[in-house]
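What follows is each chain in one-letter form.
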Amino acid sequence: QVQLEESGGGLVQTGGSLRLSCAASGRTFSVYAMGWFRQAPGKEREFVAGINWSGSSFAYADSVKGRFTISRDNDKNTVYLHMNKLKPEDTAVYYCNADETIVVPTARDPGDYWGKGTLVTVSS
């Protein structure tokens, strides 16, 4: 079992930047693949980005490629999502995701563990 806590959400203007953080506790963070998903109002939850246990492999949704970057610091038990060139359509609750068995979380293969989410609102 692992507990996940997101932070860093807030209000930002179109074209701005924001960094989300997800702190993990309960188990050794370094063995977990990590990811980010999001859910906009009235829409299904969708995959955003994923990273493997060592930080050497990545996966991104087409909608965020070139704008978002996922990274991790295993010494701090934390995964980050650096978001740049934000658009109103990026407005959503962003959820941290983790799994100890998969390589990288993806849309077709999410991890088993979830945080409670942090809200990102992009104004136009």
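In what follows, the structure referred to is the one given above.
Draft legend 1. Seen up close, unusual backbone geometry. The phi dihedral of N77 is positive, around 55°, even though this residue is not glycine. One can find N77 in the loop between β7 (68-73) and β8 (78-83). For N77, a relative accessible area of 28% puts it in the partly exposed group. Its identity is not glycine, yet K85 carries a phi of approximately 50°, on the positive side.

Draft legend 2. How the structure looks around the pattern of salt bridges. Under the defined criterion, the tally for this structure stands at four salt bridges. Salt-bridge contacts for R38 lead to D90; the nearest nitrogen and oxygen are separated by 2.9 Å. Remark: D90 occurs in the loop between β8 and β9 (92-99) and R38 occurs in strand β4 (residues 33-39); sequence separation between them is 52 residues. By relative accessible area, which is 4% here, R38 ends up buried.

Draft legend 3. Highlighting the sheet that holds strand β1 (residues 3-7). Pairing is antiparallel in the open sheet, where four strands are placed in the order β1-β3-β8-β7. Strands with a single pairing partner mark the edges of an open sheet, and in this sheet they are β1 and β7. Each neighbouring strand pair of the sheet contributes to a mean axis angle of 20°, computed without reference to strand direction. The pairing of β7 with β8 spans six bridges and is antiparallel. Residue I70 lies in a different strand from β8, and its bridge partner there is L81.

Draft legend 4. Region of the structure containing the state of the cysteines. Going through the model one piece at a time under the given rule, you end up with one disulfide. The disulfide partner of C22 is C96, and the gap between their sulfur atoms is 2.0 Å. A torsion of -85° about the S-S bond marks the disulfide between C22 and C96 as left-handed. With C22 in strand β3 (residues 18-25) and C96 in strand β9, this pair connects stretches of sequence that are 74 residues apart. Just as C22 is buried, C96 falls in that class too.

Reading the values: rules and limits
Residues numbered from 1 in each chain as written. Predicted model: local features only at pLDDT ≥ 70, side-chain atom pairs only at ≥ 80, totals over all residues. Heavy atoms only, no water. Helix = DSSP H or I, 4+ residues; strand = E, 2+ residues; numbered from the N terminus. Buried < 20%, exposed > 50% of the residue type's maximum accessible area, 1.4 Å probe, protein only. Salt bridge = Lys/Arg side-chain N within 4 Å of Asp/Glu carboxyl O. Pairing = 2+ DSSP bridges. Axes fitted to C-alpha atoms, helices over the stretch in contact; angles between N-to-C directions. Disulfide = S-S within 2.5 Å.

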